[in-house]
Amino acid sequence: MSRIAYLECTKCGAHISPDQPQTICPNEGGILYVRYDLETLKHHFNRAALAARPATLWRYAEVLPDAPPVSLGEGFTAMLPSREFPNVFIKDEGLNPTGSFKARGMSVAVTMAKAYGLKKLAAPSAGNAASALAAYCAAAGLEAHIFMPMDVPWLTA
């Protein structure tokens, strides 16, 4: 996980070490953004290197966790031109392995959780995040706990 420079609190701006799992800032309770040393990356990366990499989210490894990825082949979904609006493109996230844009984030989150040695993960969800967490935890051999609101509609055939 050495590519991560630090975690930054959205409330107080504190820089927190990424050496252990964190969900919120210990000082202010703010959300933590992952920060990378992009200045160094600018001098050691070129776009041509991407062409030879697999067509998945993990082709952008320099700005992703430095850990073995938990991947189901997410990312690199099609950009479709709008039929109604010129110069507007629509990303077809339904092509991700879980049928949702949540696949990308959950791939990264579960990769980090596994790298930290966590065994059980939990998330609240009304659908997409739940299916993505379940799929990526299954791929990683981790336990998933999903908490859904009581009023989530049942799927009917």
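Described in the following lines is the structure provided in the data block. Computed from a prediction, not measured in an experiment: that's the story for all the values here.

### Let's talk about the sheet that holds strand 2 (residues 15–16)
Each strand in a sheet pairs with its neighbour through backbone hydrogen bonds, running either in the same direction (parallel) or in the opposite one (antiparallel). Spatial ordering of the open sheet is given by 2-1-3, a layout of three strands whose pairing is antiparallel. Strands with a single pairing partner mark the edges of an open sheet, and in this sheet they are strand 2 and strand 3 (32–36). The sheet contact formed by strand 1 (residues 4–9) and strand 3 spans five bridges and is antiparallel. Along strand 3, the bridge assignment pairs Y6 with R35.

### As for the nonpolar core
The biggest cluster of nonpolar side chains holds 14 residues, and the ones touching the most others in it are M106, V110, L121, L133, Y136, C137 and L142. Elements with a contribution of two residues or more to this core: helix 2 (102–115), strand 6 (120–124) and helix 3 (128–140). The element contributing the most residues to this core is helix 3, with six residues. Among all residues touching L133, those that are not within four sequence positions of it are M106, V110, L121, A122, A123, A144, H145 and I146. Membership of the second largest hydrophobic core comes to nine residues, among which are L7, A14, Y36 and M112.

### Brief notes about unusual backbone geometry
Of note in this structure, F76 is not a glycine but carries a positive phi near 60°. Relative to the helices and strands, F76 resides in the loop between helix 1 (38–44) and strand 4 (79–81). Residue N87 is not a glycine yet carries a positive backbone phi of 65°. Along the chain, N87 turns up in the loop between strand 4 and strand 5 (89–91). Of the residues examined, N87 reaches a relative accessible area of 76% and is grouped as exposed.

### Observations concerning helix 3
When the terminal C-alpha atoms of helix 3 are compared, their 18 Å separation across 13 residues agrees well with the 18 Å that a helix rising 1.5 Å per residue should span. Considered for burial, the residues of helix 3 that qualify are A129, A130, A132, L133, Y136, C137 and A140. Relative to the axis of helix 3, the buried residues are bounded by an arc of 165° and lie together on one face. Buried residues belonging to helix 3 abut helix 2, strand 6 and strand 7 (143–147). Backbone geometry just downstream of helix 3 places G141 in the positive-phi region, at approximately 75°.

### Points about a nonpolar patch on the surface
On the surface, L38, Y60, V63 and F76 cluster together into a nonpolar patch covering about 360 Å² of accessible area. The class for F76 is partly exposed, based on a relative accessible area of 48%.

### Concerning the environment of T10
Along the chain, T10 turns up in the loop between strand 1 and strand 2. Residue classification places T10 among the partly exposed positions, given a relative accessible area of 38%. For the pair T10 and S100, spaced 90 residues apart in the sequence, the C-alpha separation amounts to 27 Å. Not counting chain neighbours up to four residues away, the residues in contact with T10 comprise G30, I31 and Y33.

Quick notes on the rules
- Residues take numbers from 1 onward in each chain, read along the sequence in its written order.
- Since the coordinates come from a predicted model, pLDDT governs what is reported: local features require at least 70, and pairs of side-chain atoms require 80 or more to be given and counted, while whole-chain, interface and lining totals use all residues.
- The basis for the side-chain values is all heavy atoms of the structure; hydrogens and waters are excluded.
- Strands are treated as partners if at least two bridges between them are detected by DSSP.
- A run of DSSP states H or I qualifies as a helix once it reaches four residues; a run of E qualifies as a strand once it reaches two. Both are numbered from the N-terminal end.
- Each nonpolar core is a collection of buried residues, namely Ala, Val, Leu, Ile, Met, Phe, Trp, Tyr and Cys, held together in the definition by side-chain atoms within 4.5 Å.
- Only protein chains enter the area calculation, which uses a 1.4 Å probe; residues under 20% of their type maximum are buried, those over 50% are exposed, and those in between are partly exposed.
- The contact definition used throughout considers only heavy atoms, calling two residues in contact when any of these lie within 4.5 Å.
- Multiplying 1.5 Å by the helix residue count minus one yields the expected span of that helix.
- As used here, the arc belongs to the directions running from the helix axis to the C-beta atoms.
- Only residues whose relative accessible area exceeds 30% and that form no salt bridge are eligible for patches; like-charged ones are grouped when within 9 Å, while nonpolar side chains (Val, Leu, Ile, Met, Phe, Trp, Tyr) are grouped when within 5 Å.
- Here, Shrake-Rupley sampling with a 1.4 Å probe gives the accessible areas, and only protein chains in the shown set may cover a residue.
- The rule for a salt bridge is simple: a side-chain nitrogen of Lys or Arg has to be within 4 Å of a carboxyl oxygen of Asp or Glu.

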